[in-house]
Amino acid sequence: DYFQKRYGKPVRMNNDANAAVLAEYSFGSAKGTENLVYLTVSTGMGGGAIVNGRLAQGASDTAAEVGHYVLDSNGPPCSCGLKGCFEVFCGGAALARKMKEEISKQKIDTEVLRLANGDLEKVDAGCLVEAVKKEDPYALQVWEEFIERLAQGIGVVLMTFNPEVIILGTIAIHAQNLLLDPLKKQLPHFAWKEPIAACRIEASALGSSISELSALALALEAGKS
């Protein structure tokens, strides 16, 4: 209401992942792809989907909330109120919490902590990626578990949306083939070969510009209606 009154222009809102998939559809490497899914793979696990050339919103505006697919009903509690969501296994914040807790309780000597300059509070997914590159044993174990859960969640996306392209955000952008290669090897355990073969999976090429491009794409999409 404030912006509409202040500028005398219509205002449109959406969540970050829906706006991001519109940015990928309008400006990214998958520009114009009729069946496209974007996964944030960032602090959390957000999802947005283009289905037959249209943004999927759903009956209650909760379409493509893939971060809250339950992968394990006995898993850790999620802030959404469910247990074992995709996000609690693969969101960056959840990964950081897991590592902090394990390193502290088990007194683990790991490159993950050294990359955080010995400050447990500074341990994050970025430290994990760099420690994996250094082949740190603890980091490799966490990464293997992360990749398996990521493949499980993406398997559900493949079977549900049957997209032509899946674009992955932040962690994949930083990790590139360190993430993509083992992910693709795991996918046959969680999805049929036909949707896997029909889909290209890659890290976003929009990088840090995706935020402003998402807002622009959302405005452009509103202008079509």
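These remarks concern the structure in this document. Residue positions are given per chain, counting from 1 as you read along its sequence in written order. With the structure being a predicted model, the display of local features is reserved for residues of pLDDT at least 70 and the display and counting of side-chain atom pairs for 80 or more, all residues being used for whole-chain, interface and lining totals. Hydrogens and waters are ignored; side-chain quantities use all the structure's heavy atoms.

## As for the overall build of the protein chain
Each helix is a run of H or I in the DSSP string that is no shorter than four residues. Each strand is a run of E no shorter than two, and both are numbered from the N terminus. Of the regular secondary structure elements, the protein chain holds 11 helices and five strands. Taken over C-alpha atoms, the radius of gyration is set against a globule rule of 2.2 Å times the number of residues to the power 0.38. Computed over C-alpha atoms, the radius of gyration of the protein chain comes to 18 Å, within 12% of the 17 Å expected from 2.2 N^0.38 for 225 residues, which places it in the range of a compact globule. For the protein chain, the C-alpha atoms occupy an extent of roughly 55 × 45 × 30 Å along the three principal directions. Summary of the burial criterion: residues with accessible area below 20% of their type's maximum are buried, those above 50% are exposed, and those between are partly exposed, where the area comes from a 1.4 Å probe applied to protein chains only. Counting the 225 residues in the protein chain, one finds 47% classified as buried. Excluding contacts between residues fewer than 6 apart, the proportion of contacts in the protein chain whose partners are at least 24 apart in sequence is 60%. Only the protein chains shown count as cover for residues, and the accessible areas themselves come from Shrake-Rupley with a 1.4 Å probe. Per element, the accessible surface of the protein chain, about 11,900 Å² overall, is 51% carbon and sulfur. Charge convention: Lys and Arg are scored as positive, Asp and Glu as negative, and His as well as the terminal groups of each chain are ignored. In this description, the location of a charge corresponds to atom NZ of lysine, CZ of arginine, CG of aspartate or CD of glutamate. Mean positive and mean negative side-chain charge positions of the protein chain (22 and 27 charges, respectively) differ by 5 Å. Any two residues whose heavy atoms approach within 4.5 Å at even a single point are treated as in contact.

## Some points on helix α4 (residues 92-106)
Expected helix span is given by 1.5 Å per residue-to-residue step, counting one fewer step than there are residues. End to end, α4 covers 21 Å across 15 residues, agreeing with the expected 21 Å (1.5 Å per residue, within 8%). All of the buried residues along α4 are Gly-92, Ala-94, Leu-95, Ala-96, Met-99, Glu-102 and Ile-103.

## Looking at the packing of helix α6 (residues 125-133) against helix α7 (residues 137-161)
In the contact formed by α6 and α7, the axes pass within 8 Å of each other and the chain directions differ by 115 degrees. Judged by the inter-axis angle, α6 sits roughly perpendicular to α7. When you trace α6 past α7, the crossing you get is left-handed. Two secondary-structure elements touch here, α6 through Leu-128, Val-129, Ala-131 and Val-132 and α7 through Ala-139, Leu-140, Val-142 and Trp-143. For this classification, Asp, Glu, Lys and Arg are treated as charged, while Ala, Val, Leu, Ile, Met, Phe, Trp, Tyr, Cys and Pro are nonpolar and the rest, including Gly, are polar. Of the residues belonging to the contact of α6 with α7, the class tally is eight nonpolar, no polar and no charged. Lines fitted to C-alpha atoms define the axes here, with helix axes fitted over just the stretch in contact, and angles between the N-to-C directions of these axes take values from 0 to 180 degrees. Each angle gets one of four labels, with under 35 degrees taken as roughly parallel, over 145 as roughly antiparallel, 65 to 115 as roughly perpendicular, and the rest as oblique. Crossing handedness follows the turn of the near helix against the far one: under a right angle anticlockwise gives a left-handed crossing, and clockwise gives a right-handed one.

## Thoughts on α6
Looking only at α6, the buried set comprises Ala-125, Cys-127, Leu-128, Val-129, Ala-131 and Val-132. Next to the buried residues of α6 lie α4, α5 (111-115), α7, α8 (170-175) and α9 (177-186). Counted as a polar contact is a pair of N or O atoms within 3.5 Å, where, for protein atoms, one must be capable of donating a hydrogen and the other of accepting one, and residues adjacent in sequence contribute only when both atoms are in side chains. Near the N-terminus of α6, the side chain that reaches the backbone nitrogen of Gly-126, with its oxygen 3.1 Å away, is that of Asp-124. Just past α6, the residue Glu-135 takes up positive phi, approximately 60 degrees.

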